Amino acid sequence: MDRFDLTGRTALVTGAAGALGRAFALALAEAGADLLLVDLPGAEGLDETAQAVRAAGRGAALHPQDLARTEELPAFADRVRATAGPVHILVNNAGVAALERFNTITPASWRHVMRVNTDAVFFLSQRFAEHMIADGVPGRIINITSKNAHVAEAGLAHYNASKAAVDLLSKTLAIELAPHGITVNTLAPGMVDTPIDDAFPLAHEEFEAAYRARIPLGRYASPEECAGPLLLLASDAGAYVTGTHLLVDGGVLADQMPRTRFMPPYRSGLPTESAPPETP
Ligand SMILES: NC(=O)c1ccc[n+]([C@@H]2O[C@H](COP(=O)([O-])OP(=O)(O)OC[C@H]3O[C@@H](n4cnc5c(N)ncnc54)[C@H](O)[C@@H]3O)[C@@H](O)[C@H]2O)c1
């Protein structure tokens, strides 16, 4: 398992007060990394994430920053490096979503989603990549997108566009940074059990049941189930993986039709004598 060992590396996770951010930070800490935790100033839950990282025996430093303030991000990244040293693993996870029909999206709402979900990802990647090059760090950049970077979902024009933009900017950075040994990938979750969409004005249970029926694995992901794939992209185990997206969606994008729901229940086609032998 040495190839997953992150001992001696520093990882920065944005949106670290949130459900996925906490699971990512904790998994990186359990693999041996020290953590720099970024979220909005005063974000509820950031201390809890830090405590979980410290309980795992790793260092956790808080670096509050409103990532919507794009112009501040290069100086923010410089301050982080000056106080914490080189960042080996950058996880751009912070994100916002608002369920709004296309005709009700205001310029302010569009800009906010783009600033947090896209602009911050680009400008943090840009600055930290320059640090990685200057510091000779064979870094890892992992941008958290969504299945919505690859297929559309009604009511989320800005969110879908923001995530699709991150998919392609990541692939571009992967090419430009490959000569420096830095990998850039996106991790694209499907539906995860987190509070991000709690404010959506939907009949939640009904929506969730209808959506769950479409997921081949039959359930939402837990944040921890997204953290395992992250470790692959963050570690030496994923050293030759760059410029790609890793869907963690329970198979939902592989299935264009709800065919299995209308097929007879599965029955084994194996001859009865090929049943597994009884364990002694
Ligand atoms: N939950 C899902 O079903 C799901 C599915 C696909 C992708 N994602 C993506 O995963 C990422 C994490 O989502 P989550 O479900 O943990 O959401 P969450 O709401 O629990 O966490 C998001 C975090 O980002 C922080 N954040 C928001 N705006 C910020 C800003 N301006 N500056 C700094 N921090 C800011 C929030 O404070 C919060 O802690 C997001 O990018 C989201 O789009 C989530």
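Residues numbered from 1 in each chain as written. Predicted model: local features only at pLDDT ≥ 70, side-chain atom pairs only at ≥ 80, totals over all residues. Heavy atoms only, no water.

1. Some points on the overall build of the protein chain
Then comes step 1: Summing up its helical and strand segments, the protein chain has 7 helices and 7 strands in all.
Then comes step 2: Reading the helices (α) and strands (β) of the protein chain from amino to carboxyl end gives β-α-β-α-β-α-β-α-β-α-β-α-α-β.
Then comes step 3: The C-alpha radius of gyration of the protein chain comes to 20 Å, within 12% of the 19 Å expected for a compact globule of 280 residues.
Then comes step 4: Residues counted as buried form 43% of the 280 residues belonging to the protein chain.
Then comes step 5: Contacts spanning at least 24 positions in sequence make up 76% of the contacts within the protein chain whose residues lie at least 6 apart.
Then comes step 6: By element, 57% of the accessible surface of the protein chain is carried by carbon and sulfur atoms, the whole surface being about 14500 Å². (Helix = DSSP H or I, 4+ residues; strand = E, 2+ residues; numbered from the N terminus. Rg over C-alpha atoms; globule rule 2.2 N^0.38 Å. Buried < 20%, exposed > 50% of the residue type's maximum accessible area, 1.4 Å probe, protein only. Contact = heavy atoms within 4.5 Å. Areas by Shrake-Rupley, 256 points an atom, 1.4 Å probe, with all protein chains shown as cover.)

2. Overview of the nonpolar core
Then comes step 1: By size, the foremost hydrophobic cluster in this structure holds 33 residues, and its most contacted members are Phe-24, Leu-28, Leu-35, Val-91 and Ile-142.
Then comes step 2: Apart from residues no more than four positions distant in its own chain, Val-91 is found in contact with Leu-12, Val-13, Thr-14, Phe-24, Leu-28, Ile-142, Ile-144 and Leu-230.
Then comes step 3: With 26 residues, the next largest nonpolar core counts Leu-12, Leu-67, Val-80 and Val-121 among its residues. (Core = buried A, V, L, I, M, F, W, Y, C linked by side-chain atoms within 4.5 Å.)

3. Concerning the site of the ligand
Then comes step 1: Of all residues adjacent to the ligand, which total 28 residues, the nearest are Asp-39, Asn-93, Tyr-159, Lys-163 and Thr-194.
Then comes step 2: Asp-39 has a polar side-chain atom sitting 2.6 Å from an oxygen atom of the ligand.
Then comes step 3: In the model, an oxygen atom of the ligand is placed 2.8 Å from a nitrogen or oxygen of the Lys-163 side chain.
Then comes step 4: About the coverage of the ligand: the protein hides 90% of its 820 Å² of free accessible area.
Then comes step 5: Contributing elements (two or more residues each) for the shell around the ligand: α1 (19-30) and α5 (157-177).
Then comes step 6: Looking at side-chain class alone, the shell around the ligand contains 16 nonpolar, 9 polar and 3 charged residues. (Near = heavy atom within 4 Å. Polar contact = N/O pair within 3.5 Å; in protein donor to acceptor, adjacent residues only side chain to side chain. Nonpolar A, V, L, I, M, F, W, Y, C, P; charged D, E, K, R; others polar.)

4. Digging into the packing of α1 against helix α7 (residues 223-234)
Then comes step 1: Taken N-terminus to C-terminus, the directions of α1 and α7 make an angle of 50°; their axes are 9 Å apart at the nearest point. When the interaxial angle is binned, α1 and α7 end up oblique. Note that α1 runs across α7; the crossing there is right-handed. Residue-level inspection shows Ala-19, Leu-20, Ala-23, Phe-24, Ala-27 and Leu-28 of α1 in contact with α7, the latter providing Pro-223, Glu-224, Cys-226, Ala-227, Leu-230, Leu-231 and Ala-234. (Axes fitted to C-alpha atoms, helices over the stretch in contact; angles between N-to-C directions. Parallel < 35°, antiparallel > 145°, perpendicular 65-115°, else oblique. Left-handed = near helix turned anticlockwise from the far one by under 90°.)

5. Things to note about the UniProt feature "domain: Ketoreductase" (unreviewed entry) in the protein chain
Then comes step 1: Mapped onto the present numbering, the UniProt feature "domain: Ketoreductase" (unreviewed entry) falls at residues 9-190.
Then comes step 2: The distance from the first to the last C-alpha atom of residues 9-190 is 28 Å, and the span holds 46% helix and 16% strand. (UniProt positions renumbered as here; feature names shortened; annotations may be inferred.)

6. Topic: the pattern of salt bridges
Then comes step 1: Enumeration over the complete set of coordinates arrives at 11 salt bridges.
Then comes step 2: Salt-bridge contacts for Asp-236 lead to Arg-9; the nearest nitrogen and oxygen are separated by 3.2 Å. Note that Asp-236 is positioned in the loop between α7 and β7 (245-248) and Arg-9 in the segment before β1 (10-14), a separation of 227 residues in sequence.
Then comes step 3: A relative accessible area of 39% places Asp-236 in the partly exposed class.
Then comes step 4: Overall, Arg-9 belongs to the partly exposed group, its relative accessible area being 21%. (Salt bridge = Lys/Arg side-chain N within 4 Å of Asp/Glu carboxyl O.)

7. Some points on the side chain of Asn-117
Then comes step 1: By the element assignment, Asn-117 lies in helix α4 (residues 107-135).
Then comes step 2: A relative accessible area of 2% means that Asn-117 is categorised as buried.
Then comes step 3: A distance of 3.2 Å separates a polar atom in the side chain of Asn-117 from a polar atom in the side chain of Ser-162.

8. A few points about the packing of helix α3 (residues 73-84) against α4
Then comes step 1: Two elements in contact, α3 and α4, have axes whose closest approach is 9 Å; the angle formed by their N-to-C orientations is 40°. Compared by their axis directions, α3 and α4 come out oblique. The chirality of how α3 crosses α4 is right-handed. The segment α3 lies against α4, with Leu-73, Pro-74, Phe-76, Ala-77, Asp-78, Val-80 and Arg-81 engaging Ala-120, Phe-123, Leu-124, Arg-127, Phe-128, His-131, Ala-134 and Asp-135.
Then comes step 2: Here the contact of α3 with α4 is built from residues that sort into 10 nonpolar, 1 polar and 4 charged.

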